[in-house]
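# Survey of secondary and tertiary structure
Take a look at the letters that make up each chain.
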Amino acid sequence: MNLSGIIPALVTPFKEDGSVNYDSLKELIKTLIAKGVGGFYACGSTAECFLLTDDERKKVLETVVNTVDGKVPVIAHLGNIGTDKTCELAHHAKSIGACAVSSVPPFYYKFSFEEIAQYYADIAKSAPDLPLIIYSIPAFSGVSINADNIGKIIDASGAQGLKYTDYNLFELEKISRKYPNLSLFNGHDELYVNALPVGIDAAIGSTFNVMPQKYIKLKEYFDAGNLSAAADKQKEINEIIEAMIKVGVNQSIKYWLGKSGISCGDCRKPFAPLTAEQRKLLDGIYDKVLN
Ligand code: MN9
């Protein structure tokens with residue numbers, strides 16, 4: 001799989017009336033390409049995918065693919081609770097030129113692992129030539145994907161990658177030893193420096209919408225063997241992420257992008273708009289985000 005570097009999981013900007021702001025999305029993509037990102041992850045958790053209609057998801061993906069115009073790869077997240085909807089999105093992603101597809105496991109009904117593996121097999125059938133990236137985010141999906149069970153998904157679907165949004169790096173390391181050919185994507189931006197030695201291929205994350213330059217620098221330090229500078233960079237980043245988690249990660253990203261001139265509106269309900277106090281906290285560290 002030809003994916004590397006820092007891959008933002010794009011936010012979905014909204015207008016004041018709540019509709020998708022496609023102009024801001026285009027502007028954000030162009031800005032991030034100019035900053036040197038390695039690709040885009042479209043319609044993921046950060047994009048509020050479960051708060052978008054199916055039509056909006058398709059139109060957002062089309063906007064991303066068209067704006068990127070082949071400059072970097074685009075991964076389409078298709079995740080849905082039902083196989084049919086996911087497969088429809090897979091057909092669409094393939095037809096418009098996405099480079100890879102990805103999905104969280106189906107959730108809520110506590111499907112058996114056999115059912116989950118079949119879900120991925122069905123996606124693979126719907127987009128046969130596209131690499132499939134499993135998206136593990138147990139804190140949100142409630143599904144644990146680990147070294148003991150991931151083989152069932154790989155065997156059923158031929159999945160070639162894993163986006164790993166979990167704090168358990170021992171498990172990631174176990175997966176990397178057991179499946180050396182699986183492409184691994186770091187999912188918790190606050191662990192980037194820790195995941196690099198495990199052998200990740202790239203990082204996919206929300207905070208790259210606002211501060212990709214910090215991670216690009218961190219990777220340069222790491223590649224040059226300057227591990228203490230890389231660790232210091234992560235500390236600088238994590239001070240910011242800690243505040244973002246307190247306020248709401250997507251809310252913080254949208255607020256800062258707005259300050260930088262890319263209007264993103266609020267997150268969709270039931271997410272609440274930021275309070276004056278939360279905005280003040282974010283204003284206080286905005287300069288640190290930009291550096
Ligand atoms: O998968 C993102 N996860 C979610 C990527 O959006 C749930 C991460 O980039 C986190 O937002 C970030 C903060 O924990 O690492």
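My aim in this report is to walk through the structure given alongside it, one point at a time. The structure presented is a predicted model; accordingly, all values stated were derived computationally and were not measured.

Conventions and cut-offs
- Residues numbered from 1 in each chain as written.
- Predicted model: local features only at pLDDT ≥ 70, side-chain atom pairs only at ≥ 80, totals over all residues.
- Heavy atoms only, no water.
- Helix = DSSP H or I, 4+ residues; strand = E, 2+ residues; numbered from the N terminus.
- Rg over C-alpha atoms; globule rule 2.2 N^0.38 Å.
- Buried < 20%, exposed > 50% of the residue type's maximum accessible area, 1.4 Å probe, protein only.
- Contact = heavy atoms within 4.5 Å.
- Areas by Shrake-Rupley, 256 points an atom, 1.4 Å probe, with all protein chains shown as cover.
- Lys, Arg positive; Asp, Glu negative; His and termini not counted.
- Charge placed at Lys NZ, Arg CZ, Asp CG, Glu CD.
- Polar contact = N/O pair within 3.5 Å; in protein donor to acceptor, adjacent residues only side chain to side chain.
- Axes fitted to C-alpha atoms, helices over the stretch in contact; angles between N-to-C directions.
- Left-handed = near helix turned anticlockwise from the far one by under 90°.
- Nonpolar A, V, L, I, M, F, W, Y, C, P; charged D, E, K, R; others polar.
- Pairing = 2+ DSSP bridges.
- Near = heavy atom within 4 Å.
- Arc of directions from axis to C-beta.
- Core = buried A, V, L, I, M, F, W, Y, C linked by side-chain atoms within 4.5 Å.
- Expected span 1.5 Å × (residues − 1).

Once that is clear, we can look at the overall build of the protein. For the protein, the helix and strand inventory stands at 12 helices and 8 strands. A compact globule built from 291 residues would reach a C-alpha radius of gyration of about 19 Å, and the protein, at 18 Å, matches this within 12%. When the backbone C-alpha atoms are referred to their principal axes, the protein occupies close to 50 × 45 × 35 Å. Here the protein holds 291 residues, and the buried ones make up 56% of them. Considering only intrachain contacts with a sequence separation of at least 6, the fraction spanning at least 24 residues in the protein is 71%. Carbon together with sulfur atoms contributes 51% to the accessible area of the protein, which is approximately 12900 Å² in total. Between the centroid of the 30 positive side chains of the protein and the centroid of its 34 negative side chains there is a distance of 3 Å.

Here K254 is to be found in helix α11 (residues 249–259). Assessed through its relative accessible area of 3%, K254 is described here as buried. K254 sits 242 residues away from T12 along the chain, and the two C-alpha atoms are 8.8 Å apart. In contact with K254, other than residues within four places in its own chain, are V11, T12, P13, F14, E48, C264, G265, D266 and C267. In this structure the side chain of K254 is engaged in a polar contact, spanning 2.7 Å, whose partner is the backbone oxygen of T12.

Moving on, we come to the packing of helix α4 (residues 113–126) against helix α6 (residues 150–157). In contact at an axis separation of 8 Å, α4 and α6 are set at 35° when each is read in the N-to-C sense. Where α4 crosses over α6, the handedness of that crossing is right-handed. Contacts between α4 and α6 pair F113, E114, I116, A117, Y120, A121 and A124 from the former with K152, I153, A156 and S157 from the latter. In the contact of α4 with α6, the residues fall into 8 nonpolar, 1 polar and 2 charged.

Moving on: the sheet that holds strand β8 (residues 202–205). Within a sheet, adjacent strands bond to each other through the backbone by hydrogen bonds, running parallel or antiparallel. What the 8 strands build is an open sheet, ordered β1-β8-β7-β6-β5-β4-β3-β2; its pairing is parallel. Of all the strands in the sheet, the pair left with one neighbour each is β1 (5–8) and β2 (40–42). Each strand of the sheet is rotated relative to its neighbour by a mean of 25°, with strand direction disregarded. Alignment of β2 against strand β3 (residues 74–77), held across 3 bridges, turns out to be parallel. From the neighbouring strand, A42 faces β3, where its bridge partner is A76.

It is worth spelling out the site of the ligand at this point. Within the structure, the ligand sits among 15 residues, and K163, T165, D189, E190 and S206 are positioned closest to it. T46 places a side-chain nitrogen or oxygen 3.4 Å from an oxygen atom of the ligand. Within the side chain of H188, one N or O atom sits 3.3 Å away from an oxygen atom of the ligand. When the ligand sits alone it has 380 Å² of accessible area, and the protein chains cover 92% of it.

Moving on, we come to α6. For α6, the set of buried residues is I150, G151, I153, I154 and S157. The buried side chains of α6 occupy one side of the element, clustering within an arc of 160° when seen end-on. Those residues of α6 that are buried are in contact with α4, β5 (132–136) and β6 (161–164). Among the residues trailing α6, G158 stands out with phi positive, at a value near 75°.

Right, let's get into the nonpolar core. By size, the foremost hydrophobic cluster in this structure holds 84 residues, and its most contacted members are F40, V64, L162, M211 and W256. In terms of residues, this core owes the most to one element, helix α10 (residues 227–247), which gives 7 residues. Discounting chain neighbours no more than four positions away, the residues touching L162 are I133, I134, S136, I150, L172, I175, L182, S183, L184 and F185. Residues L3, I7, V104 and I137 belong to the second largest nonpolar core, which totals 13 residues.

All right, on to the pairing of β8 then. Going residue by residue along β8, you find A202 and I204 tucked away on one face and A203 and G205 tucked away on the opposite face as well. Across 4 bridges, the pairing between β1 and β8 is parallel. Opposite I7, over in β8, you have I204 as the bridge partner. Note: strand β7 (residues 183–186) against β8, 2 bridges, orientation parallel. From the neighbouring strand, F185 faces β8, where its bridge partner is A202.

With that settled, the discussion passes to helix α2 (residues 54–68). Across its 15 residues, α2 extends 21 Å between first and last C-alpha, which sits within 8% of the 21 Å expected from 1.5 Å per residue. For α2, the complete set of buried residues consists of E56, R57, K58, V60, L61, T63, V64, V65, T67 and V68. Residues of α2 that are buried sit in contact with α1 (22–34), β2, β3 and α3 (83–96). Backbone geometry just downstream of α2 places D69 in the positive-phi region, at approximately 50°.

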